[in-house]
Amino acid sequence: MSIPSKDIAHILRTEDDFLVTAHVNPDGDAIGSMAAMGFVLQHLGKRFTLYNQSGLPRDFAWLSLPAPITTSIPDCPACWTITLDCGDLHRAGDALMTWVDRQRLINIDHHLGNPGFGSFNWVDTSMASTSQMAAQIARELGFPLEGALGEAVFLGLTTDTGSFSYDNTTARVLELAAEIVRLGLKPGQFNAKLQNQQPLERIQLWSRVLSRTQLLDSGKIALVTITRQDLDATGTGMQDTDGIINTVRRIKGVAVAASLREDGPKEIKFSLRSSGNVNVQPMAASFGGGGHKNAAGGTIFASMSEAESSLVQALRTFAETL
Ligand code: 5GP
Ligand code: MN
Ligand code: MN
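Residues numbered from 1 in each chain as written. Chains lettered and ligands numbered in written order. Predicted model: local features only at pLDDT ≥ 70, side-chain atom pairs only at ≥ 80, totals over all residues. Heavy atoms only, no water.

Per an unreviewed UniProt entry, the chain goes by Phosphoesterase RecJ domain protein.

**Things to note about the state of the cysteines**
Think of a disulfide as a covalent bridge from one cysteine sulfur atom to another cysteine sulfur atom. Selection criterion: By convention in this document, the label disulfide applies to cysteine sulfur atom pairs within 2.5 Å. For each residue, the accessible area found with a 1.4 Å probe, counting protein chains only, is set against the maximum for its type, and the residue is called buried under 20%, exposed over 50%, and partly exposed in between.
If you walk through the whole model with that rule in mind, you get one disulfide. Between Cys76 and Cys79 runs a disulfide, and the two sulfur atoms are separated by 1.9 Å. With the S-S dihedral at roughly 85°, the linkage between Cys76 and Cys79 falls on the right-handed side. We classify Cys76 as buried; its relative accessible area is 13%. Free of any disulfide, Cys86 has its nearest cysteine sulfur in Cys79, 16 Å distant.

**A word on the side chain of Arg273**
Defined as follows: Runs of H or I in DSSP of at least four residues are treated as helices and runs of E of at least two as strands, each being numbered from the N terminus. In this charge count, Lys and Arg are treated as positive and Asp and Glu as negative; neither His nor the chain ends contribute. In what follows, salt bridge is the name for a side-chain nitrogen of Lys or Arg lying within 4 Å of a carboxyl oxygen of Asp or Glu. Counting of polar contacts relies on pairs of N or O atoms within 3.5 Å, with two restrictions inside protein: one atom must be capable of donating a hydrogen and the other of accepting it, and residues adjacent in sequence are counted only when both atoms are side-chain atoms. Whether two residues touch is decided by their heavy atoms; if any such pair falls within 4.5 Å, the residues are in contact.
Mapped onto the elements of the fold, Arg273 is located in strand 10 (residues 267-274). No salt bridge is formed by the buried Arg273, whose closest oppositely charged neighbour, Asp242, lies at an N-O distance of 6.6 Å. Among the polar contacts listed, one links the side chain of Arg273 to the side chain of Asn246, at a separation of 3.1 Å. When near neighbours in sequence (up to four residues on either side) are disregarded, Arg273 contacts Ile245, Asn246, Arg249, Ala255, Val256, Ala257, Asn294, Ala295 and Ala296.

**A few points about the coordination of the manganese ion (ligand 2)**
For clarity, the cut-off: Only N, O and S atoms count as donors, using a 2.8 Å cut-off from the metal and 3.2 Å for Na, K and Ca, and because water is excluded some sites may appear unfinished.
In the first shell of the manganese ion (ligand 2), the protein supplies His23 (NE2), Asp27 (OD), Asp27 (OD) and Asp85 (OD), at 2.1 to 2.7 Å from the metal. Spacing between the donor residues of the manganese ion (ligand 2) along their common chain follows H-x3-D-x57-D. Separating the manganese ion (ligand 2) from the manganese ion (ligand 3) is a distance of 3.7 Å, and Asp85 supplies a donor atom to each of them. A residue pair is termed long-range when its members are at least 10 positions apart, and His23 in the loop between strand 1 (18-22) and helix 2 (28-43) and Asp85 in the loop between strand 4 (80-84) and helix 3 (94-99) qualify at 62 residues. Residue His23 shares its accessibility class with Asp85, and that shared class is buried.

**A look at the sheet that holds strand 10**
To keep things clear, this is the line we draw: By the convention used here, strands pair only if DSSP detects at least 2 bridges between them. The angle between two axes is taken between their N-to-C directions and runs from 0 to 180 degrees, where each axis is a line fitted to C-alpha atoms and a helix contributes only its stretch in contact.
Strand order in the open sheet formed by six strands is 7-8-9-10-12-11, with mixed pairing between adjacent strands. Edge positions in the open sheet fall to strand 7 (214-216) and strand 11 (290-291), since each of these has one partner strand only. Pairing of strand 8 (residues 221-226) with strand 9 (residues 256-264), which is carried by six bridges, proceeds in the parallel orientation. Bridge pairing links Ile226 to Arg261 in strand 9. Against the sheet, helix 12 (residues 304-320) makes contact with strand 7, strand 8, strand 9, strand 10 and strand 12 (295-300), and its axis sits at roughly 165° relative to strand 9, the strand it touches most.

**Observations regarding the coordination of the manganese ion (ligand 3)**
Distances from the manganese ion (ligand 3) to its protein donors, Asp29 (OD), Asp85 (OD), His110 (NE2) and Asp160 (OD), fall at 2.1 to 2.2 Å. Here the donor residues for the manganese ion (ligand 3) map to a single chain with the spacing D-x55-D-x24-H-x49-D.

**A few points about the nonpolar core**
Quick reminder of the rule: By nonpolar core is meant a set of buried Ala, Val, Leu, Ile, Met, Phe, Trp, Tyr and Cys residues that side-chain atoms within 4.5 Å join together.
Counting 52 residues, the largest nonpolar core has Leu12, Met37, Ile82, Ile108 and Leu149 as the members making the most contacts within it. Sort the elements by how many residues they give to this core and helix 2 lands first, with nine residues. When near neighbours in sequence (up to four residues on either side) are disregarded, Leu149 contacts Ala36, Phe39, Val40, His43, Ala138, Phe143 and Pro144. Listed in part, the 24 residues of the second largest apolar core include Ala255, Ile300, Ala302 and Met304.

**Focus: the site of ligand 1**
Put simply, the rule is: Distances are taken per atom, and a residue is near a molecule or strand as soon as one of its heavy atoms is within 4 Å of it. Computed by Shrake-Rupley with a 1.4 Å probe, the accessible areas treat only the displayed protein chains as cover when residues are assessed. For this classification, the nonpolar set comprises Ala, Val, Leu, Ile, Met, Phe, Trp, Tyr, Cys and Pro, the charged set comprises Asp, Glu, Lys and Arg, and every other residue, Gly included, is treated as polar.
Lining the immediate environment of ligand 1, one finds 14 residues, of which His111, Lys269, Ser271, Arg273 and His292 sit closest. Note that a nitrogen atom of ligand 1 is positioned 3.5 Å from one of the backbone N or O atoms of Gly298. Here ligand 1 loses 83% of its free accessible area of 490 Å² to cover by the protein chains. Put simply, the parts of the chain that give the shell around ligand 1 at least two residues each are strand 10, strand 11 and strand 12. With four residues, strand 12 is the largest single contributor of residues to the shell around ligand 1. Taken together, the residues that form the shell around ligand 1 break down as two nonpolar, eight polar and four charged.

**Points about the domain arrangement of the chain**
For clarity, the cut-off: For the domains described, the bounds stem from an automatic or database domain assignment. Two parts placed together each lose some accessible area under a 1.4 Å probe, and the buried area is that loss summed for both.
Domain boundaries in the chain define domain 1 (4-195) and domain 2 (200-320). Summarising the inter-unit geometry, the C-alpha centres of domain 1 and domain 2 are found 26 Å apart. Counting residues at the interface gives eight residues for domain 1, matched by 13 residues for domain 2. Interface area, domain 1 with domain 2, both sides summed: about 870 Å², of which 39% is carbon and sulfur. Run the count over domain 1 and domain 2 and you get two salt bridges. In this structure, Asp240 and Arg58 form a salt bridge, with 3.8 Å as the shortest nitrogen-oxygen distance. Applying the counting criterion to the domain 1 and domain 2 interface returns four residue pairs in polar contact (both at pLDDT 80 or more).

Okay, here's the thing in structure tokens:
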């Protein structure tokens, strides 16, 4: 039986010219797994480009990268593409969709419902982060997870496990983290870079948005909305909203937390969060999105009030089953 990580390691060893990408509006796992894969290719002496339609978020500007992250696709007709942390190909952005050679497409991901859109697919929903998968490829190729490679893997691991607190924090995850720490990473110093560099404006946005938190269905559902006006009034942007929903999930008795963010006049990004066995992925999928059991999202193309009422209706129906 073929083992996807070994097949992929073989392609990396024998081919050349790779475009490495991840989902738009990248989170720590998207950036961490891109960086990790880039370091692996660098160690192999290959030509590669790190591409993300949204670029490198300011929050990760401190991370050591093997190459800059570009927002324009290079002129590279024979390139292999590696998509990381993309539950479907659309998540990599429209520009990549039209450019990509489907015969040379490697899909490495851990999302539920990934349809296997690549010519090589390694989709494993038991993985806590895509960076954990990148670590496995590094291991296949004999590269120790030290220095910047270890840090990149750790970034994906810590962000996708909620700092090693969610259900996906398995013994294997902690063993991998321990291996990276043994090779020199200092978690305290790392977390100070990741978490303690917030702009004051972000805290002001959070307090404004959180003060309007609504509890529905006897407190089983918590809902927050983030409008364009909230962002403008506090001088913040989309990247400052990441994590608001996780705070709302902490409210006692809440089974599902939901947030709606106004990305355009008729473009509302929604996020869903749950704990334990409550699976929010199917609800996100029913609105054309996707994700994981306890963290899913998508976009509703409607006004804020229309999006809010259809999401609340779906949440109420879902809450009856809990
Ligand atoms: P977030 O709510 O933080 O944006 O995303 C939570 C999870 O849902 C992430 O794993 C993310 O990849 C996934 N997700 C968010 N938006 C979409 C979407 O539009 N489509 C799909 N397939 N997954 C999404
Ligand atoms: Mn991600
Ligand atoms: Mn991920």
